[in-house]
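The residues making up each chain are set out below.
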Amino acid sequence: MPNQYTLPDLPYDYAALEPHLSAQIVELHHDKHHAAYVTGANGAIDGLAAAREKNDFATINQLEKNLAFHLSGHVLHSLLWKNMSPDGGGEPEGELKAAIDDQLGGFEAFKNQLTQASNGIQGSGWGVLAWDPTGGRLIVEQVYDHQSNLGQAAVPLLALDMWEHAFYLQYKNVKADWVTAFWNLANWADVGERFGRVSSLSVV
Ligand SMILES: [Fe+2]
């Protein structure tokens, strides 16, 4: 069976997000870090297949942890690239704007919550805007690593990478400046399109 997961091409050149995000970071982040999560997710899938084949589950705990970590890293990075655009910034429009107004207190309140949640992460993680199909509402999540501190079934729409590899070469220890820069890159057309795709999702 071929590899399940593949590294998506960037939708722009490495330097396209400058000055907000340097070409060096984009290249390393995509070609090395994201690629490693793809490799790791495929490795976990292969390892679990081998375990089933041999009926040897001695390493099941590590394999399942690896799957959760690497698959989640792959998903969130795949979103990240499309969530940013050289023509980004501004505010959401249409149904996404209406949902943010109705469920998160308006754009400024939502922006403040996601900013604070992102800046407050202890260690590595993400700030995420997600659609929670159980409540039928948008939520902001403070994700640890790639896969922890999540509500089940929530679908990520906007993912802000707060791992040091996402900003350190440009912003050093001032991670709040990376968050400020991210708002200039946010691709609301992409987020709005995702919202339209999942807002009628039913899970439970
Ligand atoms: Fe990352």
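Residues numbered from 1 in each chain as written. Predicted model: local features only at pLDDT ≥ 70, side-chain atom pairs only at ≥ 80, totals over all residues. Heavy atoms only, no water.

Observations regarding the environment of Asp177
For step 1, the next point in the chain: Looking at the element boundaries, Asp177 is found in helix H6 (residues 175-183).
For step 2, the next point in the chain: In this structure, the C-alpha to C-alpha distance between Asp177 and Asn119, residues 58 residues apart in sequence, is 9.7 Å. (Helix = DSSP H or I, 4+ residues; strand = E, 2+ residues; numbered from the N terminus.)

Details of a nonpolar patch on the surface
For step 1, the next point in the chain: Side chains of Leu201, Val203 and Val204 sit close together on the surface and give an oily, nonpolar patch of about 290 Å² of accessible area.
For step 2, the next point in the chain: Along the polypeptide, Val204 turns up in the segment after helix H7 (188-198). (Patch = residues over 30% accessible without salt bridge, like charges linked within 9 Å, V, L, I, M, F, W, Y side chains within 5 Å. Areas by Shrake-Rupley, 256 points an atom, 1.4 Å probe, with all protein chains shown as cover. Salt bridge = Lys/Arg side-chain N within 4 Å of Asp/Glu carboxyl O.)

As for the pairing of strand E2 (residues 137-144)
For step 1, the next point in the chain: Here eight bridges tie strand E1 (residues 125-132) to E2, and the two strands are oriented antiparallel to one another. From the neighbouring strand, Val128 faces E2, where its bridge partner is Glu141.
For step 2, the next point in the chain: Once E1 ends, the chain turns through four residues before running back antiparallel as E2, passing Gly136 with a positive phi of about 65°. (Pairing = 2+ DSSP bridges.)

Observations regarding the nonpolar core
For step 1, the next point in the chain: By size, the foremost hydrophobic cluster in this structure holds 50 residues, and its most contacted members are Met84, Phe110, Leu138, Trp178 and Trp188.
For step 2, the next point in the chain: Among the domains, domain 1 (22-83) and domain 2 (94-198) are the pair contributing at least three residues each to this core.
For step 3, the next point in the chain: Residues contacting Trp178, with those up to four places away along its chain left out, are Leu21, Met84, Leu160, Asp161, Met162, Ala166, Phe167, Tyr171 and Leu185. (Core = buried A, V, L, I, M, F, W, Y, C linked by side-chain atoms within 4.5 Å. Buried < 20%, exposed > 50% of the residue type's maximum accessible area, 1.4 Å probe, protein only. Domains from an automatic or database assignment. Contact = heavy atoms within 4.5 Å.)

Comments concerning the domain arrangement of the protein chain
For step 1, the next point in the chain: When its domains are assigned, the protein chain resolves into domain 1 (22-83) and domain 2 (94-198).
For step 2, the next point in the chain: Taken together, the 17 residues of domain 1 in the interface contact 23 residues of domain 2.
For step 3, the next point in the chain: Here domain 1 and domain 2 share an interface that buries about 1,700 Å² over both sides, 66% of which is from carbon and sulfur atoms.
For step 4, the next point in the chain: A per-residue breakdown of the area domain 1 buries against domain 2 is headed by Ile25, Leu76 and Asn83, which together make up 37% of the total.
For step 5, the next point in the chain: Linking domain 1 with domain 2 are zero salt bridges.
For step 6, the next point in the chain: Counting every contact that joins domain 1 to domain 2 gives eleven residue pairs in polar contact (both at pLDDT 80 or more).
For step 7, the next point in the chain: Those elements that place two or more of their residues in the side of domain 1 that touches domain 2 are helix H1 (23-54) and helix H2 (60-83). (Buried area = accessible area lost by both parts, 1.4 Å probe. Polar contact = N/O pair within 3.5 Å; in protein donor to acceptor, adjacent residues only side chain to side chain.)

Examining H1
For step 1, the next point in the chain: The end-to-end C-alpha distance of H1 is 45 Å, a good match for the 46 Å that 32 residues give at a rise of 1.5 Å each.
For step 2, the next point in the chain: Its maximal kink placed at His29, H1 deviates by approximately 35°. (Expected span 1.5 Å × (residues − 1). Bend = angle between axes of the 7 residues up to and from the residue.)

What to know about the side chain of His30
For step 1, the next point in the chain: Turning to its location among the elements, His30 is positioned in helix H1.
For step 2, the next point in the chain: When sequence neighbours within four positions are dropped, the list of residues in contact with His30 reads Leu7, Pro8, Asp9, Leu10, Ala35 and Trp81.

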